[in-house]
Amino acid sequence: MQISELEAVNLIRGSTGKAPVSNLLGDNPDVKAAQNRLKNTTLELQSNSWWFNTELSVTLTPDVSGDIIYPSNALEVRPHDPFTYLTMRGNKLYDPNKQSYTFTSSVVVDMLLALDFEELPYAAANFVQYDAARKFLADFDGDPQRIAELSRDAASAGITLKTAEQRNRRVNVLHQAGPMRMLGRLQPRYTGNRVMFS
């Protein structure tokens, strides 16, 4: 299930008592303001790594000038190798150690991408629309009780989003690096049909 930008804009405007619109065309200032709030809130959410906007082990290749141009919607680009240090400057990768934009070989990176609102999975889009509505209403000094209601809606949607994140990342204490390193130092001890570590 997908939430359209129109649906989100109508929810955001509805927080101030505005009637829904049938399209996003024209120069209605309320619609434009709601769209801007939706866009900003979408970007704010994606400034962190989520399962839906993170791409791992992406190979970027230099062009004929030796420049590595990363995608225009990249919010963060970092080397996949933790011992390599590169940074983003303008629309290109930069090597601070060599003080150079020029690369002679491909680089494998992990990227954080900014997706459009309608590309977000339902759990993320639902959180964004309620959080945007809360902020939109606060921008116009709206009714504090209604702001509180939207805050509760956003908090509930946030819990659902975090649950979806854990499910999609398959987060488990045994999958995390720290516990795995600890388990590597433990020795299995067999007691009957049970395996224990000591």
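Just so it is clear, the structure is predicted and the values come from calculations on it, not from any experiment.

What counts and how
- Counting from 1, residues in each chain are numbered in the order their sequence is written.
- Given that this is a predicted model, residues contribute local features only at a pLDDT of at least 70 and side-chain atom pairs are listed and counted only at 80 or more, while totals for whole chains, interfaces and linings are drawn from all residues.
- Side-chain measures were taken over the full set of non-hydrogen atoms in the model, leaving aside hydrogen atoms and water.
- Only runs of H or I of at least four residues qualify as helices and only runs of E of at least two qualify as strands under DSSP, and these elements are numbered from the N terminus.
- Relative accessibility under 20% of the residue-type maximum defines a buried residue, over 50% an exposed one, and the middle range a partly exposed one, all with a 1.4 Å probe and only protein chains included.
- Any two residues whose heavy atoms approach within 4.5 Å at even a single point are treated as in contact.
- Where accessible areas are quoted, they stem from the Shrake-Rupley method and a 1.4 Å probe; at the residue level, only the protein chains shown are allowed to cover.
- Axis definition: a line fit to C-alpha positions, over the contact stretch in the case of helices; interaxial angles, taken between N-to-C directions, run 0 to 180 degrees.
- Should the near helix be turned anticlockwise from the far one by less than a right angle, the crossing is left-handed, and should it be turned clockwise, the crossing is right-handed.
- What counts as a ring pair is set by centres within 6.5 Å for rings of Phe, Tyr and Trp (its six-membered ring), and what kind of pair is set by the plane angle: stacked under 30 degrees, edge-to-face over 60, tilted for all other angles.
- We count a charge as sitting over a ring when the NZ of a lysine or the CZ of an arginine lies within 6 Å of the ring centre and within 35 degrees of the ring normal.
- Both cavities and pockets are sets of points on a 1 Å grid over the protein atoms alone; in a cavity a 1.4 Å probe fits but cannot get out, in a pocket the set is open with protein on both sides within 12 Å along at least five of seven lines, and lining residues sit with an atom within 4 Å of a point.
- Grid points are joined across faces, edges and corners, and a volume is the space filled by probe spheres set on the points.
- Residues were grouped as follows: Ala, Val, Leu, Ile, Met, Phe, Trp, Tyr, Cys and Pro as nonpolar; Asp, Glu, Lys and Arg as charged; and all remaining residues, including Gly, as polar.
- Following DSSP output, two strands are said to pair if at least two bridges run between them.

A.B. asks: Can you walk me through the overall build of the protein chain in this structure?
C.D. replies: When helices and strands are tallied, the protein chain shows five helices and seven strands. Element order for the protein chain, N to C, with α for helix and β for strand: α-α-β-β-β-β-β-α-α-α-β-β. Residue burial in the protein chain is summarised as follows: out of 198 residues, 34% are buried. Taking as baseline every contact in the protein chain between residues at least 6 positions apart, the subset at least 24 positions apart corresponds to 62%. Total accessible area on the protein chain stands at roughly 12,300 Å², and carbon and sulfur atoms take up 51% of it.

A.B. asks: Help me out: how do you make sense of the side chain of Gln35 in this one?
C.D. replies: Among the structural elements, Gln35 can be located in helix α2 (residues 29-46). Sequence-distant contacts of Gln35, defined by excluding residues within four places in its chain, comprise Glu5, Val9 and Leu24.

A.B. asks: What exactly am I supposed to notice about the packing of helix α1 (residues 5-14) against helix α3 (residues 122-139) here?
C.D. replies: Packed helices, taken two at a time, are described by their axes: the angle between them and the distance between them. In the contact formed by α1 and α3, the axes pass within 8 Å of each other and the chain directions differ by 35 degrees. Handedness of the crossing formed by α1 with α3: right-handed. Touching Glu7, Ala8, Leu11, Ile12 and Arg13 of α1 are Gln129, Tyr130, Ala132, Ala133 and Phe136, all from α3.

A.B. asks: I keep staring at the packing of aromatic side chains and nothing clicks. Help me out?
C.D. replies: In the structure shown here, the tally under the stated rule is four aromatic pairs. Centroid distance Trp51 to Phe52: 4.9 Å. Interplanar angle 90 degrees. Geometry classified as edge-to-face. A relative accessible area of 23% places Trp51 in the partly exposed class. Each residue in the set Trp50, Trp51 and Phe52 is aromatic and connected to the rest through ring pairs, giving one cluster. Taking the ring centre of Tyr94 as reference, the NZ or CZ of Arg89 above it sits at 3.8 Å.

A.B. asks: Explain the layout of surface pockets here, please?
C.D. replies: Summary: where empty space remains is shown by rolling a probe the size of a single water molecule over the atoms. One number sums up the size of the largest pocket: a volume of about 240 Å³. Every residue along the wall of the largest pocket is listed here: Glu5, Gln35, Leu38, Lys39, Thr42, Leu43, Gln46, Ala114, Leu115, Asp116, Phe117 and Glu118. Of the residues forming the lining of the largest pocket, the biggest block, six residues, is contributed by α2. For the lining of the largest pocket, the per-class residue count stands at five nonpolar, three polar and four charged.

A.B. asks: What's the story with the sheet that holds strand β5 (residues 107-113) in this structure? I'm lost.
C.D. replies: The strands that make up a sheet pair up through hydrogen bonds in the backbone, lying either parallel or antiparallel. Here three strands make up an open sheet; going across it, the order is β1-β5-β2 and the pairing antiparallel. In the strand order of this sheet, the two ends are held by β1 (54-60) and β2 (74-79), each with one partner. Strand-to-strand twist in this sheet, taken as the mean axis angle between neighbours without regard to direction, amounts to 30 degrees. In terms of strand pairing, β2 meets β5 through five bridges, oriented antiparallel. Looking at the pairing, Pro79 lines up with Val109 of β5.

By themselves, these figures tell us nothing about what the structure is for.
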